[in-house]
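# Coordinate inspection notes
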Amino acid sequence: MRRLLPVLAAFCWLGLSIVPALALDDPSEMLPDPAQEKRAAAIGAQLRCLVCQNESIEDSSAGLARDLRHVVREHVARGESDTQIMQWMTQRYGEFIRLKPRLSLSTVFLWSMPVLALILGFGAAWGMMRKRPSLTPLDSDDAERLARLLHEGEDAR
């Protein structure tokens, strides 16, 4: 039985190493013209997989990414420009489909929010520190009264 364990482990390792290779896409989805295929791949590299969200549709093996690659290749085969294809995708799926969204007021606001939050946090902390009342030393009457109260509290124990 001990001799079978390394063999079984080797088969499991081999099986797990083959799984990523099975995720490769079908070569039949590629365009016959290499120039068009290169354009389609460049456009697909700019589009976000809506399932994976941090991969382009060219890098993803999700079914939706495969469908989007097919759509991009259809548009390229029709002779549409890169700009037209990107506009069509953005109109259909929103600005989120772009891995690098266009610079607009909303994206500037979104990217500046962490800095604004830090500035507001430091400002609030600074304001709270300034409003903190300062402690004044006790005068002799208050010091005697405090000592008396503390002494009475110790006697009560």
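What you see is a predicted model; the values in this text were computed from it and never measured. (Residues numbered from 1 in each chain as written. Predicted model: local features only at pLDDT ≥ 70, side-chain atom pairs only at ≥ 80, totals over all residues. Heavy atoms only, no water.)

A count of helical and extended segments in the chain gives six helices and zero strands. Along the chain direction, N to C, the helices and strands of the chain fall in the order α-α-α-α-α-α. Counting over 157 residues, the chain shows a buried share of 18%. Here the contacts in the chain between residues at least 6 apart in sequence split such that 50% fall between residues at least 24 apart. Within the structure as shown, the chain displays about 12,700 Å² of accessible surface, and the carbon and sulfur contribution to it stands at 64%. (Helix = DSSP H or I, 4+ residues; strand = E, 2+ residues; numbered from the N terminus. Buried < 20%, exposed > 50% of the residue type's maximum accessible area, 1.4 Å probe, protein only. Contact = heavy atoms within 4.5 Å. Areas by Shrake-Rupley, 256 points an atom, 1.4 Å probe, with all protein chains shown as cover.)

What follows covers the UniProt feature "transmembrane region" (unreviewed entry) in the chain. The feature "transmembrane region" (unreviewed entry), as annotated in UniProt, sits at residues 108-128 in this numbering. Along residues 108-128 the backbone is 100% helical and 0% strand, and the end-to-end C-alpha distance reaches 30 Å. (UniProt positions renumbered as here; feature names shortened; annotations may be inferred.)

Bringing the nonpolar core into the picture now. Residues I43, L47, I57, V72, V76 and M89 are the most contacted members of the largest nonpolar core, which totals 15 residues. Of all elements in the fold, only α2 (34-44), α3 (63-77) and α4 (82-93) reach the threshold of two or more residues within this core. Examining the composition of this core, we find that four residues originate from one element, α3, more than from any other. With near-sequence residues (within four places) excluded, M89 lies in contact with L47, L68, V72, G94 and I97. (Core = buried A, V, L, I, M, F, W, Y, C linked by side-chain atoms within 4.5 Å.)

Here the focus is the side chain of S56. With respect to the helices and strands, the residue S56 is situated in the loop between α2 and α3. By relative accessible area, S56 is classed as buried at 4%. Once residues within four sequence positions are removed from consideration, S56 is found in contact with G44, A45, L47, R48, C49 and L99.

The next subject is the packing of α3 against α4. One way to put it is that α3 packs onto α4 with a least axis distance of 10 Å and a crossing angle of 140°. Between α3 and α4, the crossing angle belongs to the class labelled oblique. Along this stretch, α3 crosses α4, giving a crossing that reads as right-handed. Mapping the contact onto sequence places L68, V71, V72, H75 and V76 in α3 and I85, W88, M89 and Y93 in α4. (Axes fitted to C-alpha atoms, helices over the stretch in contact; angles between N-to-C directions. Parallel < 35°, antiparallel > 145°, perpendicular 65-115°, else oblique. Left-handed = near helix turned anticlockwise from the far one by under 90°.)

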